[in-house]
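# Report on the structure
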Amino acid sequence: VPTGRGCLQRDAERKTRSVFVTRDAEGEREFAGFSGANDGFADCVTDLESVDGTLLYACDWAVTGTLGLAFPSSKEALMTLRDMCRELDILRVTDVNWRPVFWEGNKNAKEEILQFLGGTNILKATADEVEFLFGIDRDVAMQQPYQVLKTMGPECIGVLITDGGAGVSYSFQTNGGVMDAFTVPVVDSTGAGDAFTAGFIHRTIGLTNAYQEEEVDLGEDKLYPRGHMPVKQRVAEAFKDKELLADAVVFASACGAATCMDEGAIDAQPSLKLAERMVDTYGDDLVVTEETKRDFELPDLKQQWWDWRYTGSRAAHAGDSGVPNSGGSGGTAGTHASGVTSPLVLVSRDG
């Protein structure tokens, strides 16, 4: 069913998924189950073919989780979208959102998620998810986020690693850092990860659009408009400025923190005004530690990505869209409920 801002799919036979969540005295939650059979909800049957193709040609960003990979129809849609993003040069954001309860003991869950992550441009994951998927110790991921970026391969321009009240680490094209969390009274942490991701994307679109529209000095007697850059290159180039990158992460953290201050995953999502007020009031108090020296370099996006190599245990080769498999232990974080049927979001340049 097309809507004014995108495409919403409805299923006549299946209802929207309801998720049972338990919460402890500190506001930490755990996903306990569903209001029906796991494979009986609308989000199990996402159909990419019914999406108006012009939406994909018009959008700059595509945002997905990985829960849809647990169900054959939605998995097919997500894997097709993965390939289309690469073909159409759409910036793809993946929020891992690992939820064992959705997979019902599927022993191939990790491998299927890793396959989907190939080609991701911005990865958002928790420290526990990083350890589960890549075998990188959660503490190392929080102190050296570039280790995760290096593992993701050359098409990934940035990673965001969250750890609840312990803060966030991040690593992009040339710089990164570790940032404290906002100190807030936690009522319910459900939806905080989604708010963080949405806040980061919103702020990044605004900052990088402004970067694109800047006039630059080309050594002549007047300024000229900056040459047009595709969205992936625009984000990578803009975030070479460590202050701009930190700005986006602070705003994202404010959105996540605000969500923890009220009950529920939807009603607790902050308004733009609230998020901006939190940044203005408390943002200057956050401690940001810059990333330590890296042992590799990402390629300039103006070059062919398959020419890239780094000093490490894995080199990227032409046609390699996967991510190396590793051991580790699992964890949880992310959303309270799936959408109607579509586990994906398409975002225009204007957000």
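Residues numbered from 1 in each chain as written. Predicted model: local features only at pLDDT ≥ 70, side-chain atom pairs only at ≥ 80, totals over all residues. Heavy atoms only, no water.

### Some remarks on the overall build of the chain
The helix and strand inventory of the chain stands at 11 helices and 14 strands. Residues classed as buried in the chain amount to 50% of the 351 residues present. Excluding contacts between residues fewer than 6 apart, the proportion of contacts in the chain whose partners are at least 24 apart in sequence is 73%. Counting every atom, the chain has about 16400 Å² of accessible surface; 49% of that belongs to carbon and sulfur. (Helix = DSSP H or I, 4+ residues; strand = E, 2+ residues; numbered from the N terminus. Buried < 20%, exposed > 50% of the residue type's maximum accessible area, 1.4 Å probe, protein only. Contact = heavy atoms within 4.5 Å. Areas by Shrake-Rupley, 256 points an atom, 1.4 Å probe, with all protein chains shown as cover.)

### A short note on helix 5 (residues 127-134)
Burial runs high along helix 5: seven of the eight residues are buried. Among the residues of helix 5, A127, E129, V130, E131, F132, L133 and F134 are the ones counted as buried. If you follow the buried residues of helix 5, they end up packed against helix 4 (109-117), strand 7 (122-126), helix 6 (138-143), helix 7 (146-152) and strand 8 (158-162). Downstream of helix 5 by a residue or two, G135 has a phi angle that is positive, lying close to 70°.

### So, the confidence of the model for the chain
On average, residues of the chain score 80 in pLDDT, and 80% of them are at 70 or above. When the criterion is pLDDT under 50, residues 1-5 qualifies, and its contacts beyond four places in sequence or with other chains add up to seven contacts. Across residues 303-342 the pLDDT falls below 50, and counting only partners more than four positions away or on other chains, this stretch makes 114 contacts in the model. (pLDDT = per-residue confidence, 0-100.)

### Observations regarding the environment of N108
Its place among the elements puts N108 in the loop between helix 3 (100-103) and helix 4. Note on N108: relative accessible area 46%, which makes it partly exposed. Spatially, the C-alpha atoms of N108 and A70 are 9.7 Å apart, while their sequence positions differ by 38 residues.

### With respect to the pattern of salt bridges
The final tally for this structure, using the stated rule, is 12 salt bridges. Between D89 and K232 there is a salt bridge whose closest N-O contact spans 3.0 Å. With D89 in the loop between helix 2 (72-88) and strand 6 (91-95) and K232 in helix 9 (residues 231-238), this pair connects stretches of sequence that are 143 residues apart. On the basis of relative accessible area, D89 is assigned to the partly exposed category, the value being 36%. Using a relative accessible area of 14% as the deciding quantity, one classes K232 as buried. D139 is the partner of R138 in a salt bridge, and the nearest nitrogen-oxygen pair spans 3.9 Å. Salt bridges sharing partners connect three or more residues here, namely D128, R138, D139 and D163. (Salt bridge = Lys/Arg side-chain N within 4 Å of Asp/Glu carboxyl O.)

### Observations concerning the side chain of Q212
Following the sequence through the fold, Q212 ends up in helix 8 (residues 192-213). Here the side chain of Q212 touches G227 through a polar contact of 3.1 Å, landing on its backbone oxygen. (Polar contact = N/O pair within 3.5 Å; in protein donor to acceptor, adjacent residues only side chain to side chain.)

### Remarks on unusual backbone geometry
At D89, a residue that is not glycine, the phi angle is positive and equals roughly 60°. Backbone geometry at N97 places phi at a positive 55°, although glycine is not the residue there. Examined against the element boundaries, N97 turns out to sit in the loop between strand 6 and helix 3. Assessed through its relative accessible area of 6%, N97 is described here as buried.

### Things to note about the nonpolar core
One finds L123, F134 and V148 to be the most contacted residues of the largest nonpolar core, which totals 37 residues. Only helix 2, helix 3, helix 4, strand 7, helix 5, helix 6, helix 7 and strand 8 provide two or more residues apiece to this core. Not counting residues within four places of it along the chain, the set of residues in contact with L123 comprises T94, V96, L117, F134, V148, M152, C156, G158, V159 and L160. (Core = buried A, V, L, I, M, F, W, Y, C linked by side-chain atoms within 4.5 Å.)

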